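# Structural characterization, general
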Amino acid sequence: MLIRTGDTVEVVAGADRGVRSRVILVDRAAGKAVVEGVARVYKHIRRSQKYPQGGRLSKEMPVQLSNLQYFCPSCGHAARLGARFLPDGSKERYCKKCGAAAGQMAPAKTAHAKK
Ligand SMILES: [Zn+2]
């Protein structure tokens, strides 16, 4: 699972299919992510100290990660992510469509470095 907070993802299934937005939170244990503007619901709020008026609060619910795909800014497509080692032994994510790097995942480690 290579999707991380802050990534731009495209929703590939469900009611919000086709929406492109930013990941706010990833719940790895549940395999879900909260994406800005995706799977919005109205939560009805009872009158309280914090909400003296009560009312309706619009918020996003978590969606299954399998319904999301990483959106690659360099090739402009939704694509799968891969992981690879760089010659210095650090690990990075990359777009499987165009090969562009998508950020480092692990610091350089001599065991993975190329001789
Ligand atoms: Zn790409």
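Right above here is the structure, for reference.
Residues numbered from 1 in each chain as written. Predicted model: local features only at pLDDT ≥ 70, side-chain atom pairs only at ≥ 80, totals over all residues. Heavy atoms only, no water.

Two pairing modes exist for strands in a sheet, parallel and antiparallel, and in both the strands are linked by backbone hydrogen bonds. Taken in spatial order, the six strands line up as 6-3-2-1-7-8 in an open sheet, and their pairing is antiparallel. Every interior strand has two partners, whereas the edge strands, strand 6 (63-64) and strand 8 (77-79), have only one. Bridge analysis of strand 3 (residues 32-35) against strand 6 gives two bridges, and the strand direction is antiparallel. The residue bridging K32 from the neighbouring strand is Q64, located in strand 6. (Pairing = 2+ DSSP bridges. Helix = DSSP H or I, 4+ residues; strand = E, 2+ residues; numbered from the N terminus.)

Protein ligation of the zinc ion involves C72 (SG), C75 (SG), C95 (SG) and C98 (SG), the donor distances falling in the range 2.3 Å. Taken together, the four donor atoms coordinating the zinc ion span angles of 103 to 118° at the metal, a pattern that classifies the geometry as tetrahedral. All donor residues of the zinc ion come from one chain, and their arrangement in sequence is C-x2-C-x19-C-x2-C. Exposure remark for C95: the relative accessible area of 1% places this residue in the buried category. (Donors = N, O, S within 2.8 Å, 3.2 Å for Na, K, Ca; no water. Tetrahedral: all angles 85-135°; square planar, octahedral: opposite > 155°, others 65-115°. Buried < 20%, exposed > 50% of the residue type's maximum accessible area, 1.4 Å probe, protein only.)

The nonpolar side chains of a soluble globular protein tend to be buried with one another. I3, V9, V11, V23, V26, A33, V35, V38, A39, V63, L65 and L68 together form the largest nonpolar core, which totals twelve residues. When residues of this core are traced back to their parent elements, those giving at least two are strand 1 (8-11), strand 2 (20-27) and strand 3. Beyond its immediate sequence surroundings of up to four residues, V26 is in contact with M1, I3, R4, T5, K32, A33 and L65. Grouped together as the second largest cluster of nonpolar side chains are six residues, Y70, C72, A79 and L81 included. (Core = buried A, V, L, I, M, F, W, Y, C linked by side-chain atoms within 4.5 Å. Contact = heavy atoms within 4.5 Å.)

Once that is clear, we can look at the pairing of strand 10 (residues 91-95). Taking burial as the measure, the five residues of strand 10 include four buried ones, the bulk of the element. The sheet contact formed by strand 9 (residues 81-85) and strand 10 spans five bridges and is antiparallel. For L81, the partnering residue across the bridge sits in strand 10 and is C95. With antiparallel pairing between neighbouring strands as the criterion, strand 9 and strand 10 make up a hairpin whose turn holds five residues, including G89 at a positive phi of roughly 95°. Summarising the sheet, strand 10 and strand 11 (residues 101-106) pair through three bridges and their orientation is antiparallel. Bridging from a neighbouring strand, E92 pairs with Q104 of strand 11.

Inspection of every chain in the model, using the stated rule, returns zero aromatic pairs. The ring of Y42 is capped by R56, whose NZ or CZ atom sits 3.8 Å from the centre of that ring. (Phe/Tyr/Trp six-rings, centres within 6.5 Å; stacked < 30°, edge-to-face > 60°. Lys NZ or Arg CZ within 6 Å of the ring centre and 35° of its normal.)

Of note, the phi angle at A39 is positive, near 60°, even though the residue is not glycine. Turning to its location among the elements, A39 is positioned in the loop between strand 3 and strand 4 (40-45).

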